[in-house]
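Read off the chains here:
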2 protein chains.
Amino acid sequence: MLNLAIIGGGPAGLTAGLYSTRGGLKDVVMFEVGMPGGQITQSSEIENYPGVFREDPPITGMELMEPWVKQAMHFGLKHQMSEVISISKEGDIFKIKTDSGEVEARAVIVATGSKPKKAGFKGEDEFFGKGISTCATCDGFFYKDKEVAVLGGGDTALEEAIYLSNICKKVYVIHRRDKFRAAPPTIERAKKRENIEFILNATIKEAYGNEMGLEGIIIEQEGKIIDLKVPGLFVFVGTEVNNKVLKKEDGSFICDVNENGEVIVDLKMHTSLKGLFAAGDVRVDAPKQVVCAAGDGATAGMEALHYIQEHFDD
Amino acid sequence: MLNLAIIGGGPAGLTAGLYSTRGGLKDVVMFEVGMPGGQITQSSEIENYPGVFREDPPITGMELMEPWVKQAMHFGLKHQMSEVISISKEGDIFKIKTDSGEVEARAVIVATGSKPKKAGFKGEDEFFGKGISTCATCDGFFYKDKEVAVLGGGDTALEEAIYLSNICKKVYVIHRRDKFRAAPPTIERAKKRENIEFILNATIKEAYGNEMGLEGIIIEQEGKIIDLKVPGLFVFVGTEVNNKVLKKEDGSFICDVNENGEVIVDLKMHTSLKGLFAAGDVRVDAPKQVVCAAGDGATAGMEALHYIQEHFDD
């Protein structure tokens, strides 16, 4: 029987592991199929994780996470490379079904994150993290006074375009329709920005560049081909929350989630199911920043420890 | 007119400054009378800030905050060494009254933190950070398999004593009465721990040690003197929230606070007053950890930026 099962090995899961094991909790296992570190390890530059700063070149996601993983494992956290299939609770005990068998745990922290959806054009994978980004807050500043493109027409796409317009020289917004799904005031604000230009009824065919990164994108607009030379492209075509481990066979969830499938938590990262905590991008209102996920993980780790002390005193 | 006034220069305030200025916001000023860095700079050892890890000796609070301050200022954050006296809102504009005049701002992030209360015995200041701590989560692990003392009789004192009993060989709980203010189930759990020993009707007269740190404490119990040789003492005699900048002349607050004076926020760090955000230990349910304060600061910085974009488009 585990004390605590942590599902996911990104910044949230690792920090939950650090805090719970450093707090003296034994039998804490982090389930992560791949190498621990999370999405951020694919990032070539990070300069907004507080306290870790190198001006030029900025540190990479790998450089950030390497000591982090070491630190998290230092206090007794164990890593199991199994894929978690589902979580259920029977009485006071959670059952974690994995691809290599079932384990029991007294408490669970779900830190499985979310995934930006892909648009599906040629070169999207190749230049991801080398000019193609899904996070303006993270990467916008690297294109200060340069021209960038944004793909998408929803609230996030337009809000991020406005955000980028404060930093970049020019922002092209590429959208496959001539109407936006975003809220009308957001559309108005985007239209008022002089350095935002709309390319409507258009799709991206291809991203191209060299080993240094993205150089431009090929756009098709109503049959016509446009070659847009931009070093940065931000893709906002939706997000998928990695919540499937919380799904029951009947399709409902073991805890409350919102209409986007994000886990509902309070400020202490408690979900609606006692003993189940959520941390990082899988939760509602997640700012999708490494430091925020880490803060969540610390909170969830401390709260899980407290929950176990209270309910299973031994 | 400032875009954003940040009150407080600890991890929360600095991170709010980093995120808002890196997001392209101009005229962002952080008000902090002393050197930026916050309480944590007084800490001699920190090993639970994720990603920044040195095994032996652990890094100091100063070492953690030095690059952090540099990073926060790098994107245009300004530091004003004025003491903020009060904040008020007139129409859409905040007025920040300081000891060197009044400034206006479109949005405000309050990140003034909280202060552990002092017990008032001799040597308490001298050995603070060198054996005397007010945070078991932060410092408990440094006393793994050693004997420590806890001063206090409330919920926090007993919960932290239980936490420490998982890590330390023995935990003495010193309390000035023979009854505890803590919740009955917490008292029961503490009493069940074999390695917790209670020293009741007792007060600490003095903490002593050498330049290496604390060596022991002198306790007076019903007229009798006890010399308790412990390298660690955890003082939990209450917390004071630094909320006075939010107080109006009539004693009420400009935003909702709870019964302890902690600012009520949602997951996005919005307070009940539009344009006012809170981050770090000043808010309700604050886990009082550097990484959590930093996560709050990032969230508040992004939300303030978003608020300004939405309400003052120019």
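Residues numbered from 1 in each chain as written. Chains lettered and ligands numbered in written order. Predicted model: local features only at pLDDT ≥ 70, side-chain atom pairs only at ≥ 80, totals over all residues. Heavy atoms only, no water.

A few points about the overall build of chain A
Move 1: Looking only at helices and strands, one finds 6 helices and 17 strands in chain A.
Move 2: Dimensions of chain A along its principal axes, counting C-alpha atoms only, are 70 × 45 × 35 Å.
Move 3: Expressed as a percentage of its 314 residues, the buried residues of chain A come to 58%.
Move 4: Residue pairs at least 24 apart in sequence account for 60% of intrachain contacts in chain A once pairs closer than 6 positions are excluded.
Move 5: Of the roughly 13,200 Å² of accessible surface on chain A, 48% is carried by carbon and sulfur atoms.
Move 6: Each charge class in chain A was averaged separately, 36 positive and 47 negative side chains, and the resulting centres sit 2 Å apart. (Helix = DSSP H or I, 4+ residues; strand = E, 2+ residues; numbered from the N terminus. Buried < 20%, exposed > 50% of the residue type's maximum accessible area, 1.4 Å probe, protein only. Contact = heavy atoms within 4.5 Å. Areas by Shrake-Rupley, 256 points an atom, 1.4 Å probe, with all protein chains shown as cover. Lys, Arg positive; Asp, Glu negative; His and termini not counted. Charge placed at Lys NZ, Arg CZ, Asp CG, Glu CD.)

Side note on the interface of chain B and chain A
Move 1: Listed by partner, the interface residues are 55 residues for chain B and 54 residues for chain A.
Move 2: Of the roughly 5,100 Å² buried where chain B meets chain A, counting both sides, 57% is carbon and sulfur surface.
Move 3: There are 6 salt bridges connecting chain B and chain A.
Move 4: Between glutamate 47 of chain B and arginine 22 of chain A there is a salt bridge, with its nearest N and O atoms 3.0 Å apart.
Move 5: Our count for the contact surface shared by chain B and chain A stands at 18 residue pairs in polar contact (both at pLDDT 80 or more).
Move 6: The set of elements that each furnish at least two residues to the side of chain B that touches chain A consists of helix H1 (11-22), helix H2 (61-74), helix H3 (136-139), helix H4 (155-165), helix H5 (184-192) and helix H6 (290-311) of chain B.
Move 7: Residues of the side of chain B that touches chain A, tallied by class, amount to 27 nonpolar, 14 polar and 14 charged. (Buried area = accessible area lost by both parts, 1.4 Å probe. Salt bridge = Lys/Arg side-chain N within 4 Å of Asp/Glu carboxyl O. Polar contact = N/O pair within 3.5 Å; in protein donor to acceptor, adjacent residues only side chain to side chain. Nonpolar A, V, L, I, M, F, W, Y, C, P; charged D, E, K, R; others polar.)

Structural notes on empty space enclosed by the protein
Move 1: By the definition in use, this model includes 2 cavities of 30 Å³ or more.
Move 2: Looking at the largest cavity, its volume works out to about 140 Å³.
Move 3: Forming the boundary of the largest cavity are 15 residues, of which Arg283 and Asp296 of chain A together with Met269, Arg283 and Asp296 of chain B lie nearest the centre.
Move 4: Of all the elements in the fold, those that place two or more residues in the lining of the largest cavity are helix H6 (290-311) of chain A together with H6 of chain B.
Move 5: A breakdown of the residues in the lining of the largest cavity according to their chemical character gives 7 nonpolar, 4 polar and 4 charged.
Move 6: Looking at side-chain class alone, the lining of the second largest cavity contains 4 nonpolar, 2 polar and 4 charged residues. (1 Å grid on protein atoms, 1.4 Å probe; cavity = no way out; pocket = protein on both sides within 12 Å on 5 of 7 lines; lining within 4 Å. Points joined across faces, edges and corners; volume = space filled by probe spheres on them.)

Here's the deal with the side chain of histidine 175 of chain B
Move 1: Position of histidine 175 of chain B among the secondary structure elements: in the loop between strand S10 (170-174) and H5.
Move 2: Residue histidine 175 of chain B is classed as buried on the basis of its relative accessible area of 3%.

Comments concerning the domain arrangement of chain A
Residues and elements named next belong to chain A.
Move 1: The domain architecture assigned to chain A consists of domain 1 (2-115 + 239-311) and domain 2 (118-235).
Move 2: One C-alpha centre belongs to domain 1, the other to domain 2, and the line joining them spans 31 Å.
Move 3: Contact with domain 1, which involves 9 residues of that partner, is made by 8 residues of domain 2.
Move 4: Of the roughly 600 Å² buried at the junction of domain 1 and domain 2 (both faces included), carbon and sulfur atoms supply 48%.
Move 5: For domain 1, the biggest contributors to the area lost against domain 2 are Glu45, Glu47 and Gln289; these three give 54% of the whole.
Move 6: Run the count over domain 1 and domain 2 and you get 0 salt bridges.
Move 7: Counting across the domain 1 and domain 2 interface gives 1 residue pair in polar contact (both at pLDDT 80 or more). (Domains from an automatic or database assignment.)

So, the pattern of salt bridges
All names here are of chain A.
Move 1: Tallying each qualifying case throughout the model produces 28 salt bridges over all chains.
Move 2: Its salt-bridge partner being lysine 78, residue aspartate 27 comes within 3.8 Å of it at the nearest N-O pair. Here lysine 78 lies in strand S3 (residues 78-80) and aspartate 27 lies in the loop between helix H1 (11-22) and strand S2 (28-31), a separation of 51 residues in the sequence.
Move 3: In this structure aspartate 27 comes out as partly exposed when scored by relative accessible area, which is 36%.
Move 4: What emerges from the salt-bridge pattern is a single network uniting Glu90, Lys95 and Glu104.

Some details on the relation of the copies chain B and chain A
Both copies of the chain are related by one operation, a rotation about an axis with a shift along it.
Move 1: Expressed as a screw transformation, the operator carrying chain B onto chain A has a rotation angle of 180 degrees and an axial translation of 0.0 Å, and the superposed copies differ by an RMSD of 0.0 Å. Look at the turn and shift together and you get a two-fold axis relating the two. Considering only C-alpha atoms, the residue of chain B closest to the rotation axis is glycine 295 of chain B, which sits at 2.6 Å.
Move 2: An overlap of 98% is found between the interface residues of chain B and their copies at the interface of chain A, pointing to a shared contact surface. (Least-squares fit on C-alpha atoms with pLDDT ≥ 70 in both.)

Some points on unusual backbone geometry
All names here are of chain A.
Move 1: Cis geometry is found at the peptide bond from aspartate 56 to proline 57, where omega equals -5 degrees.
Move 2: Take proline 57: it is sitting in the loop between S2 and helix H2 (61-74).
Move 3: The backbone phi angle of glutamate 222 is positive, close to 45 degrees, even though this residue is not glycine.
Move 4: In this fold, glutamate 222 is placed in the loop between strand S13 (213-221) and strand S14 (224-228).
Move 5: Looking at glutamate 222, the relative accessible area reads 62%, which means it is exposed.

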